[in-house]
Amino acid sequence: MWQTYYTPSTLDQALALLNEHRGAARIVAGGTDLILEIERGQRKPEIIIDITRIPGLDRIELEAPDRLHLGPLVTHNQVVRSALCRRVAFPLARACWEVGSPQIRNRGTLAGNLITASPANDTITPMLALDGYVTLRSVRGTREVALADFLQGVRRTALADDEMVVDIRLRALSPQQRGTFLKLGLRQAQAIAVVNVAVVLTLDETVAGSDGAVVTDARITLGSVALTIIRAPEAEQALIGAPLGDASIGRAAELAAAAARPIDDIRGSATYRRHMVSVFTRRALKEIQAGRERDALPNSMVPVALWGATDGRFPTWSTPPAGSTGPVVHHTDGHDVIETTVNGVLHRISGSADKTLLRLLREDIGLPGTKEGCDEGECGACTVLLDGIAVMSCLVPAPRAHGSHIQTIEGMAAGEALHPLQQAFIETGAAQCGYCTPGFIMSGAALLDEVPHPDDNQIRQAITGNLCRCTGYYSIIAAIRQAAEAAQ
Ligand SMILES: Cc1cc2nc3c(=O)[nH]c(=O)nc-3n(C[C@H](O)[C@H](O)[C@H](O)COP(=O)(O)OP(=O)(O)OC[C@H]3O[C@@H](n4cnc5c(N)ncnc54)[C@H](O)[C@@H]3O)c2cc1C
Ligand code: FES
Ligand code: FES
């Protein structure tokens, strides 16, 4: 897959490596896009630079009342669970909640979503509506680029091959601003957007002689309907200067559809997509008009993240592991050693630096309980806990396990005593062929560590990344409910 895998523990080390290996190197953050691209032969980097051990890259901070900063390692789940993001960047939090599944949201970063720059990527649409900027750094210096200039086409950005994203800056919503995000997918989780829409409005109550607050500024952005995420300026203008009424909403929805330049593809025809832009723009504006846009993700709701008892942050290396002064290096020539603790046992594996964690567990450590289903992050059969957080092991590079603690299905039972989840799966008939079962049990375990007494909605949220092709989900939900009750 790659020849050398570097894990720097400082930003300067990462930038020096990018400079040294210009063109041949690629940064990996969550790996949820890059590992797939490598597996599919769409990218062939010789050098991988894993930035996930560098401390301080996951900040979420309001630097001034209108400046929200997100570091390059901020994950989708961290945004969803951040009260600050939900307050001042609600459209982004709602978009992050719509990304993939809990396991994907635990590793996938906003910066990775931006750099992949697919027109269907969900978080770019709200970031553009929130007037986003990215800060790019290399050994040559630092520059800040508006997202509108950064996005240059399908999977094309202004990032130079020696640069990395070190910050994302968004305009935080003021008390006068309201906004939301809506996505149409072919199912509720693990779905690429057929269309997505973000809206941010500024409403002024003080304009004399008006019926209600007047829209003084509007930003409407559309995803999955052009070569890149676009704004709909005519639709925005249709709203400005009057209160948010049914007539202006209808007009804006029509103009948004007219701004779309969709294509026909497997997920929908161009005609359908254009129509749904109108439907979703109207729906988003109506939600704001009714003051109900936050109902889908209310402050009272704590979305399930599957990050167990942790705070959703993977441990970083404030000092590199013993014996290394610079970045930790794993070569694929057999002289590397991955030291990882699996189910409490330390393993030292060499010659396996160019594979995924799933294959490392099954082929080298001899633990075949973690299953390979799709190998694309879609089915959840490969779910394991990486430092207590549920991830898809088919999308984790094996060297990422160096210095980590992994828990797999083989580590669930305590001697002869099955884990309450294993017992409940047997008693409720939640397993038939059993192929999906280890993944469901690992997701269930992360859930019960995080929410000891989940309701059925939380159980459903927890297993959105796991597919079963035989049992149906009722008995699986019943098993997790029973295990929670047993623990109680
Ligand atoms: C099953 C599945 C479901 C998904 N569902 C969705 C979905 O619903 N919506 C959606 O929008 N996306 C979805 N994705 C795509 C993916 O999860 C996101 O795009 C994610 O945000 C990528 O982040 P990452 O950290 O994993 O990126 P990586 O895979 O680590 O990197 C992606 C790209 O960004 C580059 N990169 C990463 N960080 C930096 C940096 N700081 N500086 C410079 N370059 C950098 C990498 O070199 C690479 O080219 C899904 C993916 C899978 C596998
Ligand atoms: S999600 Fe990893 S094998 Fe399917
Ligand atoms: S029990 Fe067979 S796939 Fe789930």
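Calculation notes
- Along each chain, the written sequence defines residue order, and numbers are assigned to residues from 1.
- To read the labels, note that chains go from A and ligands from 1, taken in the order they are written.
- For this predicted model, a pLDDT threshold of at least 70 governs which residues receive local features, and a threshold of 80 or more governs which side-chain atom pairs are given and counted, while totals over whole chains, interfaces and linings are taken from all residues.
- Where side-chain values are given, they derive from all heavy atoms of the structure, hydrogens and water being excluded.
- Starting at the N terminus, helices and strands are each numbered in turn, a helix being any DSSP run of H or I of at least four residues and a strand any DSSP run of E of at least two.
- Only C-alpha atoms enter the radius of gyration; for comparison, a globular chain is expected to reach 2.2 Å times N to the power 0.38, where N is the number of residues.
- To sort residues, take the accessible area from a 1.4 Å probe on protein chains only and compare it with the maximum for the residue type: under 20% means buried, over 50% means exposed, and anything in between is partly exposed.
- It only takes one pair of heavy atoms within 4.5 Å for two residues to be counted as in contact.
- A pair is scored as a salt bridge if a Lys or Arg side-chain nitrogen falls within 4 Å of a carboxyl oxygen belonging to Asp or Glu.
- With a 1 Å grid laid over protein atoms only, a set of points is called a cavity when a 1.4 Å probe fits there but cannot get out and a pocket when it is open yet has protein on both sides within 12 Å along at least five of seven lines; lining residues have an atom within 4 Å of a point.
- Grid points are joined across faces, edges and corners, and a volume is the space filled by probe spheres set on the points.
- Note that Gly is not counted as nonpolar here; it falls among the polar residues with everything else outside the nonpolar set of Ala, Val, Leu, Ile, Met, Phe, Trp, Tyr, Cys and Pro and the charged set of Asp, Glu, Lys and Arg.
- Domain borders in the structure are assigned automatically or taken from a domain database.
- The term buried area denotes the loss of accessible surface (1.4 Å probe radius) that occurs when two parts are joined, taken as the sum for both partners.
- Two N or O atoms form a polar contact when they lie within 3.5 Å of each other; inside protein one atom must be a possible hydrogen donor and the other a possible acceptor, and for residues adjacent in sequence the pair counts only when both atoms belong to side chains.
- Paired strands, as defined in this entry, are two strands with at least two bridges between them according to DSSP.
- Each axis is a line fitted through C-alpha atoms, and for a helix only the stretch in contact is used; angles between axes span 0 to 180 degrees, taken between their N-to-C directions.
- Proximity criterion: a residue is near a molecule or strand once any of its heavy atoms comes within 4 Å of it.
- Calculation of accessible area relied on Shrake-Rupley with a 1.4 Å probe; when residues are assessed, cover is drawn exclusively from the protein chains displayed.
- Each angle receives one of four descriptions, namely roughly parallel if under 35 degrees, roughly antiparallel if over 145, roughly perpendicular if within 65 to 115, and oblique otherwise.
- Should the near helix be turned anticlockwise from the far one by less than a right angle, the crossing is termed left-handed; should it be turned clockwise, right-handed.

**Let's talk about the overall build of the chain**
Part 1: Check the secondary structure of the chain and you find 17 helices and 20 strands.
Part 2: Against the globule reference of 23 Å for 488 residues, the chain gives a C-alpha radius of gyration of 23 Å, in line with a compact fold.
Part 3: Referenced to the eigenvectors of the C-alpha coordinate spread, the extents of the chain come out at roughly 75 × 60 × 40 Å.
Part 4: In the chain, which comprises 488 residues, the share counted as buried stands at 58%.
Part 5: Sequence separation of at least 24 residues holds for 65% of the intrachain contacts in the chain that already meet a minimum separation of 6.

**With respect to the pattern of salt bridges**
Part 1: By the definition in use, this model includes 31 salt bridges.
Part 2: Here Glu 378 makes a salt bridge to Arg 187, at a shortest N to O gap of 3.5 Å. Remark: Arg 187 occurs in the loop between β11 (177-184) and β12 (195-204) and Glu 378 occurs in the loop between α13 (357-364) and β18 (383-386); sequence separation between them is 191 residues.
Part 3: The shortest N-O distance in the salt bridge between Lys 355 and Glu 363 comes to 2.8 Å.
Part 4: What makes Lys 355 buried here is its relative accessible area of 8%.

**Considerations on the layout of surface pockets**
Part 1: Empty space within the second largest pocket amounts to approximately 870 Å³.
Part 2: Arg 187, Gln 188, Ala 189, Arg 460 and Thr 464 are the residues nearest the centre of the second largest pocket, which is lined by 22 residues in total.
Part 3: Looking at which element gives the most residues to the lining of the second largest pocket, the answer is helix α16 (residues 456-462), with 3 residues.
Part 4: Among the residues making up the lining of the second largest pocket, the classes are represented as 9 nonpolar, 7 polar and 6 charged.

**Some remarks on the domain arrangement of the chain**
Part 1: Each assigned domain of the chain is listed with its residue range as follows: domain 1 (60-290) and domain 2 (334-487).
Part 2: Note on domain 1 versus domain 2: buried area summed over both sides is about 1100 Å², and carbon and sulfur give 50% of it.
Part 3: Counting the surface domain 1 buries against domain 2, the share from its top three residues, Gln 103, Arg 107 and Gln 190, is 51%.
Part 4: The interface formed by domain 1 and domain 2 holds 2 salt bridges in total.
Part 5: Glu 450 is the partner of Arg 81 in a salt bridge, and the nearest nitrogen-oxygen pair spans 2.9 Å.
Part 6: Here domain 1 and domain 2 share 8 residue pairs in polar contact (both at pLDDT 80 or more) between them.
Part 7: Top element by residues in the side of domain 1 that touches domain 2 is helix α6 (residues 102-107). It accounts for 5 residues.
Part 8: Within the side of domain 1 that touches domain 2, the residues separate by chemical class into 4 nonpolar, 4 polar and 3 charged.

**Side note on helix α5 (residues 90-97)**
Counting along an α-helix, one turn takes 3.6 residues, and residues three or four places apart therefore face a common direction.
Part 1: With respect to burial, α5 is a largely interior element, 8 of its 8 residues being buried.
Part 2: Residues of α5 that are buried: Phe 90, Pro 91, Leu 92, Ala 93, Arg 94, Ala 95, Cys 96 and Trp 97.

**A closer look at the sheet that holds strand β17 (residues 345-349)**
Part 1: Strands sit in the order β17-β16-β20-β18-β19 across an open sheet of 5 strands; the sheet is mixed. Single-partner strands in this sheet number two, and they are β17 and β19 (389-392). Put simply, the sheet's adjacent strands are angled 35° from each other on average, direction ignored.
Part 2: Here strand β16 (residues 338-342) runs beside strand β20 (residues 405-407); their pairing, made up of 2 bridges, is parallel. Within β20, the residue paired with Val 342 across the bridge is Ile 406.
Part 3: Lying over the sheet, α13 contacts β16, β17, β18 and β20, oriented at roughly 80° with respect to β16.
Part 4: Of the strands in this sheet, β18, β19 and β20 touch helix α15 (residues 437-450), which is tilted by about 35° from β18.

**Looking at the site of ligand 1**
Part 1: For ligand 1, the set of nearby residues contains 36 residues, the closest of which are Ile 27, Thr 32, Asp 33, Thr 109 and Asp 122.
Part 2: Arg 26 places a polar side-chain atom, nitrogen or oxygen, 3.0 Å from an oxygen atom of ligand 1.
Part 3: Protein contacts shield 96% of the accessible area of ligand 1, which totals 980 Å² for the unbound molecule.
Part 4: When residues of the shell around ligand 1 are traced back to their parent elements, those giving at least two are β2 (25-28), α2 (34-39), α6, α7 (110-116) and β10 (164-171).
Part 5: Here the shell around ligand 1 takes 4 residues from α7, the largest share from any one element.

**A word on the packing of helix α14 (residues 420-427) against helix α17 (residues 474-487)**
Part 1: At a closest axis distance of 8 Å, the pairing of α14 and α17 adopts a crossing angle of 135°. Taken together, the axis directions place α14 and α17 in an arrangement best described as oblique. Crossing geometry of α14 relative to α17 is assigned as right-handed. Seen from α14, the contacting residues are Pro 420, Leu 421, Ala 424, Phe 425 and Glu 427; seen from α17, they are Ile 476, Ala 479, Ile 480, Gln 482 and Ala 483.
Part 2: Class assignment for the residues of the contact of α14 with α17 results in 8 nonpolar, 1 polar and 1 charged.

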